[in-house]
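# Overview (structure and organization)
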Amino acid sequence: MDFAFDARTEELRHRLLAFMDEYVHPAERTAHEQRAALASPWDTPAVVEELKAEARRQGLWNLFLPDSEYGAGLTNLQYAPLAEITGRSPQLAPTALNCAAPDTGNMEVLAQFGDAAQKKQWLEPLLAGEIRSAFAMTEPEVASSDATNIETRIERDGDSYVINGRKWYISGAMNPLCRIFIVMGKTDPNGADIRRQQSMILVPRDAPGLTVTRAMQVYGYEDHYHGGHAEVVFDGVRVPAGNLIGEEGGGFGIAQARLGPGRIHHCMRLIGMAERAIELMCRRAVGRTAFGKPLAQQGVVQEWIADARVAVEQLRLLVLKTAWLMDTVGNKGAHTEIQAIKIATPRTVVDILDKAVQLHGAGGVSQDFPLAELWAAARTLRLADGPDEVHQRSLARREIKQYL
Ligand SMILES: Cc1cc2nc3c(=O)[nH]c(=O)nc-3n(C[C@H](O)[C@H](O)[C@H](O)COP(=O)(O)OP(=O)(O)OC[C@H]3O[C@@H](n4cnc5c(N)ncnc54)[C@H](O)[C@@H]3O)c2cc1C
């Protein structure tokens, strides 16, 4: 078993680390200051567009997309360590590289299931980083971790589909650059097969009847960097029939395909967040003295740092193994591992960030360090893309089945 990265990954890692040091980390403060001066907090600070232009110039662009026709053509195993690096600055780096959720998943859907016209109209500007997108599945009225509950209707009417429903926590939708929504709804609510009732359809932001009603908060944060998490109402929204992605009844299958890569990307970036937390912990511990000695000399602090290091090394190995399985046996064959990392990573990284917050005292919960915001972001990943319990349930059922 060879644990080394291949030559292409090493070369990209090297270039990405240099890009992070030279451009991204210095831009963190600038972005913060520019955002404070914007007319709307949902607008994009100029420095973000500058980062995008520089990343593109350097060929650090669309690294997430395994399809070499559209993206960098990297395997999951090659992309994993790169996504981890971007997780060290999750507000800026993924966007700078055009590798931010939910655009990544949406681009994958369009690349995999979109027709030529849909690719031309929506995939091309997304790949160019000119527009952003959102994925609208979750509904406030129903338990949406079970996608068969979705109530939004997509009804055929002549050459159009008409959409009615209410969604919330739709990431990215507050950003005015978010021009297109992939909406999940039911075309056949009474169909016998509950996994064939749903379809996915493209809905332009400016379609009459689509209203972005409010920004939902995440532990009080609005997540301006990622275009927030909006509540969106679809009231008699009419779009051409050609906006349907794939076929009627194909929505559930597309959702499953979309979530595999999305989940591993989140986990890779979370590991980068944990690395950042460990670095901040160590810097704080050596630089701060209490009761006559640096915090770094307190046994409990050493224990936190050691446990964090051990946990991160374990997680990284599991995530890399999962990436390798996805590349070799496919997303379906890697199902158990994808669920395992989705259960283990957010939970563990939340714990590491919590220790980092504690070590920073009041500063830890403040806006002067990134820790509180990182904690909130990591914590939400125990819900988003499927709550822990849903993954545990299905992983356990597969495990138990062998003994029935
Ligand atoms: C920050 C953030 C961003 C998000 N972005 C998006 C987005 O862009 N697009 C989108 O469509 N959605 C998005 N979501 C929504 C997210 O995917 C849902 O919150 C998630 O799928 C859970 O659905 P729900 O909130 O309806 O919870 P419910 O389905 O009501 O579940 C609530 C709880 O019930 C428990 N539960 C559910 N099923 C089981 C089970 N089988 N066994 C045991 N316990 C169970 C779990 O503890 C679960 O957390 C986002 C959420 C957050 C917080």
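Here goes a summary of the coordinates provided. Computed from a predicted model, the values in this text were never measured in an experiment.

Below, the discussion takes up the pairing of strand β5 (residues 198–204). The buried fraction of β5 is high, at seven of seven residues. Because side chains alternate across β5, one face comprises the buried residues Gln-198, Met-200, Leu-202 and Pro-204, and the other comprises Ser-199, Ile-201 and Val-203, equally buried. When strand β4 (residues 178–186) meets β5, the two strands line up antiparallel, connected through seven bridges. Looking at β5, one finds that Val-183 is bridged to Ile-201. Pairing of β5 with strand β8 (residues 244–245) involves two bridges; the strand directions are antiparallel. What sits directly across from Met-200, in β8, is Ile-245.

Bringing the packing of helix α1 (residues 7–36) against helix α3 (residues 76–86) into the picture now. Where α1 meets α3, the axes come as close as 9 Å, and the angle between the chain directions of the two elements is 10 degrees. Compared by their axis directions, α1 and α3 come out roughly parallel. Every residue of α3 that contacts α1 at Arg-8, Thr-9, Leu-12, Arg-13, Leu-16, Leu-17 and Met-20 is listed here: Gln-78, Pro-81, Leu-82, Ile-85 and Thr-86.

Summed over all chains, the structure comprises four aromatic pairs. Here the aromatic rings of Phe-181 and Phe-234 are separated by 6.3 Å at their centres, their planes lie at 85 degrees, and the arrangement is edge-to-face. Of the two residues, Phe-181 sits in strand β4 while Phe-234 sits in strand β7 (residues 229–240), which places them 53 residues apart along the sequence. For the pair shown, Phe-181 and Phe-234 are each scored as buried. Ring geometry for Tyr-219 against Trp-375: centres 5.1 Å apart, planes inclined by 65 degrees, an arrangement best described as edge-to-face. Separated by 156 residues along the polypeptide, Tyr-219 in the loop between β6 (210–216) and β7 and Trp-375 in helix α11 (residues 371–380) bring together distant segments of the chain.

Okay, the site of the ligand next. Near the ligand lie 21 residues; those nearest to it are Phe-135, Thr-138, Ser-145, Tyr-169 and Ser-171. At 2.8 Å, a backbone N or O of Phe-135 approaches a nitrogen atom of the ligand. Here Tyr-169 contributes a backbone N or O atom positioned 2.9 Å from a nitrogen atom of the ligand. Out of a free accessible area of 980 Å², the ligand has 69% covered by protein chains. At the level of elements, β1 (132–136), β3 (160–171) and α12 (388–401) are the ones that each hand at least two residues to the shell around the ligand. Across the shell around the ligand, the residue classes break down as 12 nonpolar, six polar and three charged.

This next bit is on helix α2 (residues 46–57). Helix length check: α2, at 12 residues, gives a terminal C-alpha distance of 17 Å against a target of 16 Å (1.5 Å per residue), a fit within 8%. Within α2, burial applies to Val-47, Val-48, Leu-51, Lys-52, Glu-54 and Ala-55. Once α2 ends, the next one or two residues include Gly-59, with phi positive near 75 degrees.

Further remarks concern empty space enclosed by the protein. Tallied over the full model, the rule gives three cavities of 30 Å³ or more. Here the largest cavity defines a volume of roughly 110 Å³. With three residues, the single largest contributor to the lining of the largest cavity is α2. Considered class by class, the residues forming the lining of the largest cavity number six nonpolar, five polar and five charged.

Looking at the secondary structure, you find Arg-132 in strand β1. A polar side-chain atom of Arg-132 sits 2.3 Å from a polar atom in the side chain of Asp-103. In this structure Arg-132 touches Thr-95, Ala-100, Ala-101, Asp-103, Leu-126, Asn-175, Leu-177, Cys-178, Arg-179 and Ile-180, once residues within four positions along its chain are discounted.

Structurally, Asp-115 can be placed in the loop between α5 (103–113) and α6 (116–127). Separated by 261 residues in the primary sequence, Asp-115 and Ala-376 have C-alpha atoms spaced 37 Å apart. There is a polar contact of 2.8 Å between the side chain of Asp-115 and the backbone nitrogen of Gln-118.

Moving on, we come to the nonpolar core. In terms of nonpolar packing, the biggest core is built from 91 residues, with Phe-19, Leu-63, Tyr-79, Leu-97, Met-281 and Ile-352 touching the most fellow members. Element by element, the count of residues in this core is highest for helix α7 (residues 251–287), at 15 residues. Not counting residues up to four positions away in its chain, the partners in contact with Phe-19 are Val-24, Leu-51, Glu-54, Ala-55, Gln-58, Leu-60, Ala-96 and Leu-97. Counting 23 residues, the second-largest nonpolar core is a separate cluster that includes Ala-230, Val-232, Ala-241 and Leu-244.

This next bit is on the layout of surface pockets. Estimated volume of the second largest pocket: approximately 890 Å³. As for the second largest pocket, its lining consists of 30 residues, and the residues nearest its centre are Glu-28, His-32, Gln-367, Pro-370 and Glu-373. Secondary structure elements with two or more residues in the lining of the second largest pocket: α1, α7 and α11. Looking at the lining of the second largest pocket element by element, the count peaks at eight residues for α1. Tallied by class, the residues present in the lining of the second largest pocket amount to 11 nonpolar, seven polar and 12 charged.

Quick notes on the rules
- Residues numbered from 1 in each chain as written.
- Predicted model: local features only at pLDDT ≥ 70, side-chain atom pairs only at ≥ 80, totals over all residues.
- Heavy atoms only, no water.
- Buried < 20%, exposed > 50% of the residue type's maximum accessible area, 1.4 Å probe, protein only.
- Helix = DSSP H or I, 4+ residues; strand = E, 2+ residues; numbered from the N terminus.
- Pairing = 2+ DSSP bridges.
- Axes fitted to C-alpha atoms, helices over the stretch in contact; angles between N-to-C directions.
- Parallel < 35°, antiparallel > 145°, perpendicular 65-115°, else oblique.
- Contact = heavy atoms within 4.5 Å.
- Phe/Tyr/Trp six-rings, centres within 6.5 Å; stacked < 30°, edge-to-face > 60°.
- Near = heavy atom within 4 Å.
- Polar contact = N/O pair within 3.5 Å; in protein donor to acceptor, adjacent residues only side chain to side chain.
- Areas by Shrake-Rupley, 256 points an atom, 1.4 Å probe, with all protein chains shown as cover.
- Nonpolar A, V, L, I, M, F, W, Y, C, P; charged D, E, K, R; others polar.
- Expected span 1.5 Å × (residues − 1).
- 1 Å grid on protein atoms, 1.4 Å probe; cavity = no way out; pocket = protein on both sides within 12 Å on 5 of 7 lines; lining within 4 Å.
- Points joined across faces, edges and corners; volume = space filled by probe spheres on them.
- Core = buried A, V, L, I, M, F, W, Y, C linked by side-chain atoms within 4.5 Å.

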